[in-house]
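Examination of the molecular architecture
Spelled out from the first residue to the last, the chains are:
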Amino acid sequence: MRALIVIPARYASQRYPGKPLVGLRGATGTVKPLIQRSWEAACAVPGGHRVVVATDDSRIAGVAEAFGAEVVMTSEQARNGTERCAEAHAALGGGHDVIVNLQGDAPLTPPWFVPALLDGLAADAGAAMATPVLRCTGAQRAALIADRAAGRVGGTTAVFGEGGRALYFSKEVLPFSAATYGDAEPTPVFHHVGLYAYRAEALAAYPALPEGRLERLEGLEQLRFLEAGLPVACVDVDARERPFWELNNPSDVSVIEGMLGEAGLE
């Protein structure tokens, strides 16, 4: 299954303006902007998928074109990355059965996650989209809890049923557990990875769906699918000991740079 991989990027982030252009130092000391590192992560996905950067900002477009990316200009009206992906797919004339949203703040996305999502959609014919989840260790759960205690918006957690269908996504650390866990011990908390594979018809319908109450409260675009009654498949992926973190706050820069070094990414 071939897909269109869209990297939505906007300059006017409320939490971190200009984030796509922030420089990140890799394992060899080379500094590249966040948007380039996310594009490189998308290009590393096996399968020969088309990769485009979707943005409404000329500064991001100029930088992306300079390092060789295909750019689709979208409007400023897109309220989130999913709407921007829908607009980009339409601007390209459609024609793809599956559109992947590899968010511009997730440069550590492992390339094998996308094939896992495509397999997840194939296995769940009723799902409107699929998204990956990673089981947290005790240390990872503690890091998420520390972010929330410090008032930082850190990673997102996912709660899903036995069949893998999503029940809820939150920026709080869910589900609650009073138990204590060792650093390497698996926990009941699953970190949601900001990567989505949409069926084309579900993505096309998304912008016209009403913005949901929970979506507004949490600031999580995927909740619109759940609030509209559209099933979301959570795919439990294997990180293969590769570190993963998203760039949500300025303090994440040093964390991600450390992980780029650990993963040997230049």
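To be clear, the structure that these remarks concern was listed above.
Residues numbered from 1 in each chain as written. Predicted model: local features only at pLDDT ≥ 70, side-chain atom pairs only at ≥ 80, totals over all residues. Heavy atoms only, no water.

**So, the overall build of the protein**
So the rule is basically this: In this text, helices come from DSSP runs of H or I with a minimum length of four residues, and strands from runs of E with a minimum of two, each type numbered from the N-terminal end. What the globule rule says is 2.2 Å times the number of residues to the power 0.38, and the radius of gyration is computed from C-alpha atoms. Here's how the labels work: a residue is buried when its accessible area is under 20% of the maximum for its type, exposed when over 50%, partly exposed in between, all with a 1.4 Å probe on protein chains only. It only takes one pair of heavy atoms within 4.5 Å for two residues to be counted as in contact. The method behind every accessible area is Shrake-Rupley, applied with a 1.4 Å probe, and residues are considered shielded solely by the protein chains displayed. Positive charge is attributed to Lys and Arg, negative charge to Asp and Glu, and no charge count is given to His or to the chain ends. Where a charge sits is defined by one atom per residue type, namely NZ (Lys), CZ (Arg), CG (Asp) or CD (Glu).
Looking only at helices and strands, the protein features nine helices and twelve strands. At 17 Å, the protein has a C-alpha radius of gyration in line with the 18 Å of a compact globule built from 266 residues. Viewed in the frame of its principal axes, the protein has a C-alpha envelope of about 50 × 45 × 35 Å. Evaluated residue by residue, the protein yields a buried proportion of 54% over its 266 residues. The contacts of the protein with a sequence gap of at least 6 include a subset with a gap of at least 24, amounting to 70%. Accessible surface computed for the protein: about 11,300 Å², of which carbon and sulfur atoms make up 52%. Both charge centroids of the protein, one from 23 positive and one from 31 negative side chains, sit 3 Å from each other.

**Things to note about the nonpolar core**
Rules: Here, the term nonpolar core denotes a set of buried Ala, Val, Leu, Ile, Met, Phe, Trp, Tyr and Cys residues that are joined through side-chain atoms within 4.5 Å.
Formed by 51 residues in total, the largest nonpolar core has its most connected members in Val53, Val100 and Leu195. Counting residues per element, this core draws most heavily on helix 4 (residues 113-123), at five residues. Core analysis: the next-biggest nonpolar cluster, separate from the first, contains 27 residues, Cys85, Ile99, Ala166 and Ala200 among them.

**Remarks on the side chain of Arg199**
For clarity, the threshold we go by: What makes a salt bridge here is a side-chain nitrogen of Lys or Arg within 4 Å of a carboxyl oxygen of Asp or Glu, nothing more. Under the rule applied, a polar contact is a pair of N or O atoms within 3.5 Å (in protein, one hydrogen donor and one hydrogen acceptor; residues adjacent in sequence only if both atoms are side-chain atoms).
With respect to the secondary-structure elements, Arg199 resides in strand 11 (residues 195-199). One buried charge, Arg199, has no salt-bridge partner; the nearest side chain with opposite charge is Glu201, at 5.1 Å. Of note is the side chain of Arg199, whose polar atom sits 2.6 Å from the backbone oxygen of Leu121. Residues contacting Arg199, with those up to four places away along its chain left out, are Asp97, Leu121, Asp124, Ala125, Ala127 and Ala128.

**Regarding the pattern of salt bridges**
Any two side chains of opposite charge can pair, given that their charged atoms come close. Taken as a whole and judged by the stated rule, the model has eleven salt bridges. In this structure, the salt-bridge partner of Asp124 is Arg165, at a minimum N-O distance of 2.7 Å. Taken as a pair, Asp124 in the loop between helix 4 and strand 7 (129-137) and Arg165 in the loop between strand 8 (156-160) and strand 9 (166-170) lie far apart in primary sequence, 41 residues in all. By relative accessible area, Asp124 is classed as buried at 17%.

**Re the environment of Ala233**
Assignment of secondary structure puts Ala233 in strand 12 (residues 232-236). Put simply, Ala233 and Gly161 are 72 residues apart on the chain and 9.8 Å apart in space, counted from C-alpha to C-alpha. Setting aside residues no more than four positions away along its own chain, Ala233 makes contact with Asp124, Ala127, Met129, Ala130, Thr131 and Gly164.

**Digging into helix 2 (residues 58-66)**
In an α-helix there are 3.6 residues to a turn, and that puts residues three or four apart on one side. What counts is decided by this rule: It is the directions from the helix axis to the C-beta atoms that the arc portrays.
Of the residues making up helix 2, those classed as buried are Ile60, Ala61 and Ala64. Axial view of helix 2: buried residues confined to an arc of 100°, hence all on one face. Those residues of helix 2 that are exposed and aimed more than 90 degrees away from the buried face are Ser58 and Ala66. Those residues of helix 2 that are buried are in contact with strand 1 (4-9), helix 1 (34-43), strand 4 (50-55) and strand 5 (70-73). Positive phi appears at Gly68, one or two residues downstream of helix 2, with a value of about 105°.

**Section: the packing of aromatic side chains**
Any pair of aromatic rings gets described here by the distance separating the centres and the angle formed by the planes. Spelled out, the test is: The pairing test for Phe, Tyr and Trp rings, Trp by its six-membered ring, is centres within 6.5 Å, and the orientation test on the planes gives stacked under 30 degrees, edge-to-face over 60, and tilted for anything in between. Two thresholds decide whether a charge sits over a ring: the Lys NZ or Arg CZ must be within 6 Å of the ring centre and within 35 degrees of the ring normal.
One pass over the full model with this rule turns up six aromatic pairs. Ring centres of Trp39 and Phe67 lie 5.1 Å apart, and the angle between their planes is 50°; on these two criteria the pair is classed as tilted. With Trp39 in helix 1 and Phe67 in the loop between helix 2 and strand 5, this residue pair connects regions lying 28 residues apart in the sequence. Given the relative accessible area of 16%, Trp39 is considered buried. Arranged with centres 6.2 Å apart and planes meeting at 85°, the rings of Trp112 and Phe113 form a pair that is edge-to-face. Among the aromatic side chains, those forming a connected cluster through ring pairs are Tyr196, Tyr198, Tyr206 and Phe225. The ring of Tyr11 has Arg59 sitting right over it, with the charged end atom 3.6 Å from the ring centre. Taking the ring centre of Trp112 as reference, the NZ or CZ of Arg240 above it sits at 4.1 Å.

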